[in-house]
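Each chain is listed here by its residues.
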Amino acid sequence: MKIAVLGAGAWGTALAFAFCRQHHVTLWGRNAEQMIDMQATRLNRRYLPECPFPADLHLSADLSEAVVGVDLVLVVTPIAGLRPTLRELAWLKVDAPLLWACKGFEAGSSLLPHQVVAEEFPHLKSVGVLSGPSFAREVAQGLPAAVTLASENYAFARDYARELHSPLLRIYANDDLVGVEVGGAVKNVMAIATGVADGLGFGMNARAALITRGLAEITRLAVALGGSQQSMMGLSGVGDLLLTCTGALSRNRQVGLKLAEGKSLDAILAELGHVAEGVPTAREVLKMAERLQVDMPITAAVCELLYHQATPQHVVERLLGRSPKPEFHAPGA
């Protein structure tokens, strides 16, 4: 199968590595200078300097060249880059099946990725999301991982999961597109909160409680948006949440750790050098939660830290001071 991976960041590069073991893969990046350097060095020196490129991975800075005759397009940009990339594909009249690996809600519109795709490619039915617990560096190094391929067209999800599946990157089909996208988006917000708690030295008991209550928040929002509660128990729910909240490679957890040190958000993002999707996503999630009347106190606390100059100590005191509630709502309550 001929695949075009669009987006030469860490995750796009890692997925290109994974899929070129079995398929003909071209990795496209928007920055021509970066692509020339990658071609010369056979390294992505900015994002994955410790991972040499496979010999059979093709590179291109020309989008029209990258998508010629492809059997699958995989968009692996930050959520902010999804719509511009789709518009370029539409201009080129690309009609190949489409997957994306973007996580978040689009800033301003609060749309999930599949809603952005539906606006830009309303007639394309073979579409889906690739999401799950997966750090780019480990995938690029060939360490085992498992992710979900979700589509409202389950036959498409099943068939392409089989095509892309490998012993090192196991892929499971799912028809809950909304639930998988919500899980992938909101877990980044929870990772910021967990990083703050860890940075303040609250211990592993507090971390476990925060992750569990974070999962409850994600589930409430997913169900309110039409997703399945079952997906929250899967790879794109609890799996991705656990990895992002506890893993040392988590950029969003790093944001929380640095907030706990008292650093400003601007300084943190400059120091990080990578996109931390939980930062813009937190604001969009809170807007969505308020509109749907979904209770998301951890998300609200993260927004206070990021956008309202609240101190970590003040936010934690407010969370801990909340009135006790039943863990689960009784039937009929």
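This text gives an overview of the structure that appears in the document. (Residues numbered from 1 in each chain as written. Predicted model: local features only at pLDDT ≥ 70, side-chain atom pairs only at ≥ 80, totals over all residues. Heavy atoms only, no water.)

1. A short note on the overall build of the chain
Part 1: In terms of helices and strands, the chain carries 15 helices and eight strands.
Part 2: In terms of overall dimensions, the chain has C-alpha extents of about 60 × 45 × 35 Å along its principal axes.
Part 3: Partitioning the intrachain contacts of the chain with sequence separation of at least 6 by distance along the chain shows that 70% fall at a separation of at least 24.
Part 4: A total accessible area of about 14900 Å² is found for the chain, and carbon and sulfur atoms account for 55% of it.
Part 5: Averaging the locations of the 29 positively and 32 negatively charged side chains of the chain gives two centres separated by 2 Å. (Helix = DSSP H or I, 4+ residues; strand = E, 2+ residues; numbered from the N terminus. Contact = heavy atoms within 4.5 Å. Areas by Shrake-Rupley, 256 points an atom, 1.4 Å probe, with all protein chains shown as cover. Lys, Arg positive; Asp, Glu negative; His and termini not counted. Charge placed at Lys NZ, Arg CZ, Asp CG, Glu CD.)

2. As for the packing of aromatic side chains
Part 1: Counting across every chain of the model gives two aromatic pairs.
Part 2: Geometrically, the ring pair formed by Phe 17 and Phe 53 is edge-to-face, given 5.4 Å between the ring centres and 80° between the ring planes. Of this pair, Phe 17 sits in helix 1 (residues 10-19) while Phe 53 sits in the loop between helix 2 (32-41) and strand 3 (58-60), and the two are 36 residues apart along the sequence. Phe 53 carries the same exposure label as Phe 17, and that label is buried.
Part 3: An angle of 40° between the planes, with centres 4.7 Å apart, marks the rings of Phe 156 and Tyr 160 as tilted. (Phe/Tyr/Trp six-rings, centres within 6.5 Å; stacked < 30°, edge-to-face > 60°. Buried < 20%, exposed > 50% of the residue type's maximum accessible area, 1.4 Å probe, protein only.)

3. Digging into the nonpolar core
Side chains of nonpolar character tend, in soluble globular proteins, to be buried together.
Part 1: Ranked by size, the top nonpolar core spans 44 residues in total, and within it Phe 105, Val 182, Val 186, Leu 221, Val 255, Leu 259 and Leu 306 carry the most contacts.
Part 2: Mapped onto this core, the elements with two or more residues apiece are helix 8 (177-199), helix 9 (203-224), helix 10 (235-246), helix 11 (251-260), helix 12 (265-272), helix 13 (278-292) and helix 14 (297-307).
Part 3: A total of eleven residues in this core trace back to one element, the largest contributor, which is helix 8.
Part 4: Excluding residues within four positions of it along the chain, Val 182 makes contact with Phe 105, Leu 112, Ile 218, Leu 221, Ala 222 and Leu 225.
Part 5: Listed in part, the 40 residues of the second largest apolar core include Trp 11, Leu 27, Val 76 and Leu 149. (Core = buried A, V, L, I, M, F, W, Y, C linked by side-chain atoms within 4.5 Å.)

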